[in-house]
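A structural walkthrough
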Amino acid sequence: MTAKIIDGRKMAAELRDELAERVSRLSGKPHLAVVLAGNDEASLIYDRNKQKAAEKVGMVCDIYHLPEDVLQTELNRLIDGLNQDKNVNGIIVQLPLPVHLDAAAALRRILPEKDVDGFGLYNTGLLWTQGKAFFAPATPKGILHLLKSVSPDLSGKHAVIIGRSNIVGKPLAALLLGCDCTVTIAHSKSENLAALAASADILVAACGCAGLVRKEWVKPGAVVIDVGINRVEGKLSGDVDFDGVCENASYITPVPGGVGPMTVAMLLENTFEAYLQQSKETL
Ligand code: NDP
């Protein structure tokens, strides 16, 4: 078997084009506020990319860049101001924050209806209890789009997710449960990881370990989603040994060009939804 590629770059471009068309029919512009503290190089690049992508679809995206030594009280004050600002539809706090800051407290402070990353307690609780939040986190939401493009009915499938972070593994588990998958979440303490992975119809690698998932870990015909972003000898690579796994999987996402572009597209979609909810405009 040679796996077919799930082209996240193409799908994200199509979604952004659709979004640009819908944004052009609004009376105003959806407005995203990005709060960035410190000078983490990857975060600076991610946020500039989000800003460029937002502007390309006709949205406004402001980056609030705070110094590395900013106090929690100042961060809180900024978030409170953005919560109250009627022009701002969505707020995200770029993680990781400098270590002296309480990231969970910052995320909790964002109003649920502006929490377009969906990382706050209220949206997290809604996702697990109701199966639907104001906003689902962008990376898991993008993964669901990718999966549904090749397997529209996920009901009854066994999904194994390697990684239990609050931004990828756990919210993805909630979304897949909502699609009636049987979900296993594995992590660094899981025993028999290879056997667990090999029992999956859908295998999602989100652990940040380059090439961890090998061909023998993949059931013939499984769909494999590679979330990992690792830099190996200056080159980007995922958590999956792509060439080997292609021999067993039916479909696979590449790195780069798979999950990454979908994450930004989903954030923009959430911001658009926030605008609609707050403005009560309909299209
Ligand atoms: P975290 O570091 O927060 O979580 C990693 C998870 O993987 C943890 O649950 C950890 O287990 C688990 N893990 C680590 N090593 C192993 C191992 N050897 N075997 C099994 N499980 C393991 O990472 P994130 O969830 O934030 O990100 C995961 C990867 O996805 C990273 O490469 C990141 O760069 C990428 N990413 C990509 C995005 C995109 O848009 N493409 C968006 C977000 C992340 P434990 O809990 O026990 O420590």
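My aim in this report is to walk through the structure given alongside it, one point at a time. (Residues numbered from 1 in each chain as written. Predicted model: local features only at pLDDT ≥ 70, side-chain atom pairs only at ≥ 80, totals over all residues. Heavy atoms only, no water.)

As a packed pair, helix α6 (residues 138-150) and helix α10 (residues 259-279) sit with axes 8 Å apart at the nearest point and diverge in direction by 110 degrees. Overall, the two elements α6 and α10 adopt an arrangement that is roughly perpendicular. α10 is crossed by α6, and the crossing has right-handed handedness. Residues Ala 138, Thr 139, Lys 141, Gly 142, Ile 143, His 145 and Leu 146 of α6 lie in contact with α10, whose contacting residues are Val 259, Met 262, Thr 263, Met 266, Leu 267, Glu 269 and Asn 270. Among the residues making up the contact of α6 with α10, the classes are represented as seven nonpolar, five polar and two charged. (Axes fitted to C-alpha atoms, helices over the stretch in contact; angles between N-to-C directions. Helix = DSSP H or I, 4+ residues; strand = E, 2+ residues; numbered from the N terminus. Parallel < 35°, antiparallel > 145°, perpendicular 65-115°, else oblique. Left-handed = near helix turned anticlockwise from the far one by under 90°. Contact = heavy atoms within 4.5 Å. Nonpolar A, V, L, I, M, F, W, Y, C, P; charged D, E, K, R; others polar.)

The next subject is the pattern of salt bridges. For the structure shown, the criterion picks out seven salt bridges. With a closest N to O distance of 2.9 Å, Arg 25 and Glu 21 form a salt bridge. The class of Arg 25 is partly exposed, set by a relative accessible area of 45%. With a shortest N-O distance of 3.5 Å, Glu 269 and Lys 141 are connected by a salt bridge. (Salt bridge = Lys/Arg side-chain N within 4 Å of Asp/Glu carboxyl O. Buried < 20%, exposed > 50% of the residue type's maximum accessible area, 1.4 Å probe, protein only.)

Membership of the largest hydrophobic core comes to 53 residues, with the highest contact counts inside it found for Ile 143, Leu 176 and Ile 225. In terms of residue count, the dominant contributor to this core is α10 (10 residues). Excluding residues that lie within four positions of it along the chain, Ile 225 makes contacts with Ile 6, Ile 143, Leu 146, Leu 147, Leu 203, Val 204, Ala 205, Thr 253 and Val 259. By size, the runner-up hydrophobic cluster in this structure holds 19 residues, among which are Ala 186, Ala 200, Trp 217 and Cys 246. (Core = buried A, V, L, I, M, F, W, Y, C linked by side-chain atoms within 4.5 Å.)

A few words now on the side chain of Asp 117. Inspection of the secondary structure puts Asp 117 in the loop between α4 (103-109) and α5 (121-130). There is no salt bridge for the buried Asp 117, and the closest opposite charge comes from Lys 50, which lies 5.6 Å off by N-O distance. Other than its neighbours up to four places away in sequence, Asp 117 contacts Ile 92, Val 93, Ala 136, Pro 137, Ala 138 and Leu 267. (Lys, Arg positive; Asp, Glu negative; His and termini not counted.)

Space left empty within the atom packing is revealed by a probe, the size of a water molecule, rolled over the atoms. Put simply, the largest pocket is a space of about 1,500 Å³. Lining of the largest pocket is provided by 48 residues; of these, Tyr 46, Thr 139, Ile 229, Gly 260 and Thr 263 occupy positions nearest its centre. Every element with two or more residues in the lining of the largest pocket is listed here: α1 (8-24), α2 (41-56), β4 (90-93), α6, β9 (230-232) and α10. Partitioned by chemical class, the residues of the lining of the largest pocket number 25 nonpolar, 13 polar and 10 charged. (1 Å grid on protein atoms, 1.4 Å probe; cavity = no way out; pocket = protein on both sides within 12 Å on 5 of 7 lines; lining within 4 Å. Points joined across faces, edges and corners; volume = space filled by probe spheres on them.)

Here we take up the site of the ligand. As a structural note, the neighbourhood of the ligand is formed by 21 residues, with Arg 164, Ser 165, Ser 188, Ile 229 and Thr 263 the closest of them. Within the side chain of Ser 165, an N or O atom sits 2.6 Å from an oxygen atom of the ligand. One nitrogen or oxygen atom from the side chain of Thr 263 is found 2.7 Å from an oxygen atom belonging to the ligand. Coverage of the ligand by the protein amounts to 70% of the 920 Å² it exposes when considered alone. Of the pockets mapped on this structure, the ligand occupies the largest pocket. (Near = heavy atom within 4 Å. Polar contact = N/O pair within 3.5 Å; in protein donor to acceptor, adjacent residues only side chain to side chain. Areas by Shrake-Rupley, 256 points an atom, 1.4 Å probe, with all protein chains shown as cover. Sits in = over half its atoms within 2 Å of the grid points.)

Right, let's talk about the sheet that holds strand β3 (residues 60-66) for a bit. On the basis of which strands lie adjacent, the open sheet formed by three strands has the order β3-β2-β4 and parallel pairing. Only two strands of the sheet have a single neighbouring strand rather than two, namely β3 and β4. Pairs of neighbouring strands in the sheet enclose a mean axial angle of 15 degrees, with direction left out of account. Bridge analysis of strand β2 (residues 31-37) against β3 gives seven bridges, and the strand direction is parallel. What sits directly across from His 31, in β3, is Val 60. Sheet strands in contact with α2 are β2, β3 and β4, and its direction is about 160 degrees off that of β3. (Pairing = 2+ DSSP bridges.)

The subject of this paragraph is the packing of α2 against α10. Where α2 meets α10, the axes come as close as 10 Å, and the angle between the chain directions of the two elements is 55 degrees. Classed by the angle they form, the pair α2 and α10 counts as oblique. Where α2 crosses over α10, the two elements pack in a sense that is right-handed. Facing α2, whose interface residues are Lys 50, Ala 53 and Ala 54, α10 presents Val 264, Leu 267 and Leu 268. Across the contact of α2 with α10, the residue classes break down as five nonpolar, no polar and one charged.

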